[in-house]
Amino acid sequence: MQITPRDIWNISPHLVVAALGLIILLIDAIWPRISKRQLANLALLGLIGAGALQARFWPRGQVTPVLGGMIVPDGYTAFFNLVLLVGAGISLLLSTDYLEWDGSAHGEYHALVLFTAFGGMVMAAAGHLIVVFLGLEILSISLYILAGYQRERRESQEAALKYFLLGAFASAFFLYGMALVYGYAGSLDLHAIARAAGAGQGAAANQLLLTGIGLLLVGFGFKVAVVPFHIWTPDVYEGAPTSATAFMSVVAKAAGFAAFVRVFALAFPGADLRHQVGAVVASIAMLTMVVGNTAAVLQTNIKRLLAYSSIAHAGYILVGVVAVLRNPAAPAEGVSAVLFYTLAYTFMNLGAFAVVLALRRRGEELLNIEEYAGLGFRYPWLGALMALFMLSLAGMPPTAGFFAKLYLIRAALSPLVGMWWLVITLALTSVVSFYYYIRVVTVMYMRPAVEGEQAPQASAGPHLGTGLALAALGTILLGLIPAGILQAAQQIAEGLVELGGMALR
Amino acid sequence: MDPLNAFLIVSAGLFSVGVFGVLTRRNAVAILMSIELMLNAANLNLIAFARFGDPTVLAGQVFAIFVLTVAAAEAAVGLAIVLCVYRNIRHINVDDLHILKW
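Okay, so let's go over this structure. Computed from a predicted model, the values in this text were never measured in an experiment.

## Observations regarding the packing of helix H6 (residues 129-147) of chain A against helix H11 (residues 242-266) of chain A
Residues and elements named next belong to chain A.
Turning to step 1, where the next piece is worked out: Running from amino to carboxyl end, H6 crosses H11 at an angle of 165°, the nearest separation of the two axes being 11 Å. Looking at the two axes, H6 sits roughly antiparallel to H11. Classified by chirality, the crossing of H11 by H6 is left-handed. Of the residues in H11, those in contact with Val-132, Gly-135, Leu-139, Leu-143, Leu-146 and Ala-147 of H6 are Ala-244, Phe-247, Met-248, Ala-252, Ala-255, Ala-259 and Val-263.
Turning to step 2, where the next piece is worked out: Looking at the contact of H6 with H11 residue by residue, the classes come out as 12 nonpolar, 1 polar and no charged.

In structure tokens, the structure reads:
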């Protein structure tokens, strides 16, 4: 295989992010006195550059895979790359103040954020199972380190160990599943697998293939945190440094769903097979929505609450995946709903974490929800923004979360999907979610504030302020004018589905 | 017996031993070793399928080499985390890690 300039050009956004991570590590090693804020600024500049490169190079028309079919530089890749770059950029903005306050501002943090984003971008672009695996491991290994980043804090260490052991355990299942799919199809290329699975009449009854798909589901399910592979989520979210939690909650989810949807939408085309797999995914989705939302009601720690809420949101997105699998006439609808939801989730969840990162009390983070009493009046801006993000997460119009949910429901309601009970579960569990999201807002506005020395304080430097503003802007704009992004998402989804159909011919 | 099946049975056995180890061992390093067994079971599968499938396609063997590399990176990070935990908590028994409610 020859590597042509076109191949390099097509993966240039990936290369920029990875190279920048290495450069930051080098600068930090050569010049340890450098202000970490400068490093963060450099990383941000690079992320903007990579984003500009990706936007300038938005794929139009027919897309051919590059690097021997390993990387597919289509609109789907471009969209998720931009989501991941935005997620990583806002997370970096949120983390600088926090790390300085915490006294743990080192150059590695920024490099690891970039490596994680790079892993996620590789996953989104993968046209081959080896690349999916490599991307997943680059992402995961960097996240294990970020979770244990505060070396002196026992909670952080415990979170890292739990995340690492369970993550590696899930990776092993994932890999075994890939090996079985390889045994069935004789290839690891997604299109070649699709040809093998589409041509074989008995694909839906083949034990080897079904077991392989099941194990792939375990691997993806762990990464995006769905029930019953969610046990790690609340502990890791609570123990990890708050800025790292914010980052991993959006980036790991976006990258995981990017690879999940591409593999399941492309590699297993038979209608019978999709019907079966769709039924399994539907039951996981239902379980995830119910367990995530009911467990969130019981939480008193805001990080754990957001952890369970992220599990619930993974369940909602899975409804979109079901629509992809079980609607052979228009799988693009489900794909575009997933794309839109991922973007909306990135903005609103980062926003909620940004507010948490801004609040302190006498050298401690403010994590107990009860301690938020009265903050809505003391800090009107923060209170209003928190209310915005909470309402958006709950799915209140006219915010991003409302339209994201609406499109998911529309995709899943198609009679071909035949899963009305899934949509009803989504609606009912969303109602439950209002309870715990609104509770945060009511505590902020309806309870008297604590005065004196014990009073909580908010501090938002320029970085955190910018991050907060960007997240709020995204949440509001996606809610007010969703049409543009939705149209783009639909085009991208149709391109992805076409690419799958082309490979079969 | 079909030679491919023999490999698959050994691999499935190895994988099960690994899963059993992860679920029953309490020492973090022993769990890491059990995970390595599971990864190698998958490798054995990949190589067996490549060997008894189309002999001109080397994807299985190549993937196995990638997995070995990734497993080394994973072990490096994993052992570093275990070391850090040991420095803070003075043991690596996963049953006794309960600052965060499990």
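So much for the structure itself; the text now carries on.
## Description of H6(A)
Turning to step 1, where the next piece is worked out: Between its first and last C-alpha atoms H6(A) spans 26 Å; for 19 residues at 1.5 Å apiece the expected length is 27 Å, and the two agree.
Turning to step 2, where the next piece is worked out: The element H6(A) is extensively covered by neighbouring structure, given that 18 of its 19 residues are classed as buried.

## What about helix H3 (residues 36-56) of chain A?
Residues and elements named next belong to chain A.
Turning to step 1, where the next piece is worked out: Taking 1.5 Å per residue, 21 residues should reach 30 Å; H3 reaches 30 Å between its end C-alpha atoms and fits that length.
Turning to step 2, where the next piece is worked out: Of all the positions in H3, only Leu-39, Ala-40, Ala-43, Gly-46, Leu-47, Ala-50, Gly-51 and Gln-54 are classed as buried. All buried residues of H3 lie within an arc of 140° about the axis, which places them on one face of the element. Turned more than 90 degrees away from the buried face of H3 sit Gln-38, Leu-45, Ile-48 and Arg-56, all of them exposed.
Turning to step 3, where the next piece is worked out: On the buried face of H3, the contacting elements are helix H2 (12-30), helix H4 (75-102) and helix H5 (107-125).

## A word on the interface of chain B and chain A
Turning to step 1, where the next piece is worked out: Between chain B and chain A, the contact holds 36 residues from the first and 32 residues from the second.
Turning to step 2, where the next piece is worked out: Every element with two or more residues in the side of chain B that touches chain A is listed here: helix H1 (3-24), helix H2 (28-52) and helix H3 (59-89) of chain B.
Turning to step 3, where the next piece is worked out: In terms of residue count, the dominant contributor to the side of chain B that touches chain A is H3(B) (16 residues).

## Some remarks on unusual backbone geometry
Turning to step 1, where the next piece is worked out: Here the amide bond leading from Val227(A) into Pro228(A) is cis, since omega sits at 5°, within 30 degrees of zero.
Turning to step 2, where the next piece is worked out: The amide bond that connects Pro397(A) to the next residue, Pro398(A), takes the cis arrangement and shows omega of 0°.
Turning to step 3, where the next piece is worked out: Here the phi dihedral of Ala225(A) falls at roughly 65°; this positive angle occurs in a residue that is not glycine.
Turning to step 4, where the next piece is worked out: For Ala225(A), the position within the fold is in the loop between helix H9 (207-224) and helix H10 (232-239).
Turning to step 5, where the next piece is worked out: By C-beta crowding, Ala225(A) is classed as buried, having 29 other C-beta atoms within 10 Å.
Turning to step 6, where the next piece is worked out: One non-glycine residue, Arg90(B), lies in the positive phi region at around 70°.
Turning to step 7, where the next piece is worked out: Along the chain, Arg90(B) turns up in the segment after H3.
Turning to step 8, where the next piece is worked out: Using a count of 7 C-beta atoms within 10 Å as the deciding quantity, one classes Arg90(B) as exposed.

## Re the sheet that holds strand S3 (residues 457-458) of chain A
Residue and element names in this part refer to chain A.
Turning to step 1, where the next piece is worked out: An order of S2-S1-S3 is seen for the 3 strands of this open sheet, with the pairing classed as antiparallel. Edge positions in the sheet fall to strand S2 (364-365) and S3, since each of these pairs with one other strand and no more.
Turning to step 2, where the next piece is worked out: Here strand S1 (residues 359-361) pairs with S3 via 2 bridges, running antiparallel. Note on S3: the bridge partner recorded for Arg-360 is Gln-457.

## Focus on the environment of Ile231(A)
Turning to step 1, where the next piece is worked out: Residue placement: Ile231(A) occurs in the loop between H9 and H10.
Turning to step 2, where the next piece is worked out: Along the primary structure Ile231(A) and Ile284(A) are separated by 53 residues, whereas in three dimensions their C-alpha atoms are 14 Å apart.

Analysis parameters
Residues numbered from 1 in each chain as written. Chains lettered and ligands numbered in written order. Predicted model: local features only at pLDDT ≥ 70, side-chain atom pairs only at ≥ 80, totals over all residues. Axes fitted to C-alpha atoms, helices over the stretch in contact; angles between N-to-C directions. Helix = DSSP H or I, 4+ residues; strand = E, 2+ residues; numbered from the N terminus. Parallel < 35°, antiparallel > 145°, perpendicular 65-115°, else oblique. Left-handed = near helix turned anticlockwise from the far one by under 90°. Contact = placed C-beta atoms within 7 Å. Nonpolar A, V, L, I, M, F, W, Y, C, P; charged D, E, K, R; others polar. Expected span 1.5 Å × (residues − 1). Buried ≥ 20, exposed ≤ 12 C-beta atoms within 10 Å, placed from the backbone. Arc of directions from axis to C-beta. Pairing = 2+ DSSP bridges.

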